[in-house]
Amino acid sequence: CKVTSGVFTHPERDLRVVVHVDDFLVSGEEHQLQWFHDHLAKKYELKVQVAGWAHGDSRELQFLGRVIRLTPTGVELEGDDKHVEMMEKEWDMVHCNPVATPYVKPVATVTGAQVEATFLGSTDATLYRRAAARINYVALDWPDLSVSSRVASSHMSCPKEGDDQLIKHIMSCLLYTSDA
């Protein structure tokens, strides 16, 4: 795929494959899926989940912590909320005030005075990076987090004091969205 490096197609067999490390999500006709399975099974030990419409097929499966469910109205994706819960506890945000928007552009200083940036200590920088990475993961399920996720990631190499406020704001929005 020209847009996403982890998505592949097999035009002759009409297969679509999403790859993340050693996890594969494959869609196509049953006999083509069997061909793909047989081809990989020659070299690798496989664990397989199948969701389909045939008698005896499951209507849902899990991929990267997300539930993919087949319904009469289409395909439903259920995100992986465990990372939101982990951040909520790690950042002590259980009793925070929720906000509806994930990003608010910082207000520029009016004085024009230059302020020396203070970088976070090692422990706090690690905490920031872990949260920014989790927000990136969660943003796959919540497209409205794309801008705030990108901004948080841009500070990962050397987070400064005050950058943690962005993480807290994003988490307040996640908690607001989870409760709604």
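Higher on the page you've got the structure.
Residues numbered from 1 in each chain as written. Predicted model: local features only at pLDDT ≥ 70, side-chain atom pairs only at ≥ 80, totals over all residues. Heavy atoms only, no water.

Asker: Can you explain the overall build of the protein? Please cite residues and give values.
Answerer: Check the secondary structure of the protein and you find five helices and six strands. Along the chain direction, N to C, the helices and strands of the protein fall in the order β-β-β-α-β-β-β-α-α-α-α. Computed over C-alpha atoms, the radius of gyration of the protein comes to 21 Å, more than 25% over the 16 Å expected from 2.2 N^0.38 for 180 residues, which places it beyond the range of a compact globule. Within the protein, buried positions represent 26% of all 180 residues. Within the protein, contacts between residues separated by at least 24 positions form 52% of all contacts whose residues are at least 6 apart in sequence. (Helix = DSSP H or I, 4+ residues; strand = E, 2+ residues; numbered from the N terminus. Rg over C-alpha atoms; globule rule 2.2 N^0.38 Å. Buried < 20%, exposed > 50% of the residue type's maximum accessible area, 1.4 Å probe, protein only. Contact = heavy atoms within 4.5 Å.)

Asker: With reference to specific residues and values, describe the packing of helix 2 (residues 82-90) against helix 3 (residues 122-139).
Answerer: Running from N to C, helix 2 and helix 3 point in directions that differ by 155°, and their axes come no closer than 10 Å. The angle between the axes of helix 2 and helix 3 places the two elements in the roughly antiparallel class. Here helix 2 runs over helix 3; the crossing is left-handed. Between helix 2 and helix 3, the residues in contact are H83, V84, M86, M87 and E90 and L127, R130, A131, R134, I135, Y137 and V138, respectively. When grouped by side-chain class, the residues that make up the contact of helix 2 with helix 3 number eight nonpolar, one polar and three charged. (Axes fitted to C-alpha atoms, helices over the stretch in contact; angles between N-to-C directions. Parallel < 35°, antiparallel > 145°, perpendicular 65-115°, else oblique. Left-handed = near helix turned anticlockwise from the far one by under 90°. Nonpolar A, V, L, I, M, F, W, Y, C, P; charged D, E, K, R; others polar.)

Asker: Tell me about the nonpolar core, residues and numbers included.
Answerer: The biggest cluster of nonpolar side chains holds 23 residues, and the ones touching the most others in it are W91, Y128, L145, A152, I167, I170 and L174. Looking at this core, the elements that each hand over two or more residues are helix 2, helix 3, helix 4 (146-154) and helix 5 (163-179). Among the elements that line this core, the one with the most residues is helix 3, at eight residues. Setting aside residues up to four positions removed in sequence, W91 forms contacts with L127, Y128, A131, D164, I167, K168 and M171. (Core = buried A, V, L, I, M, F, W, Y, C linked by side-chain atoms within 4.5 Å.)

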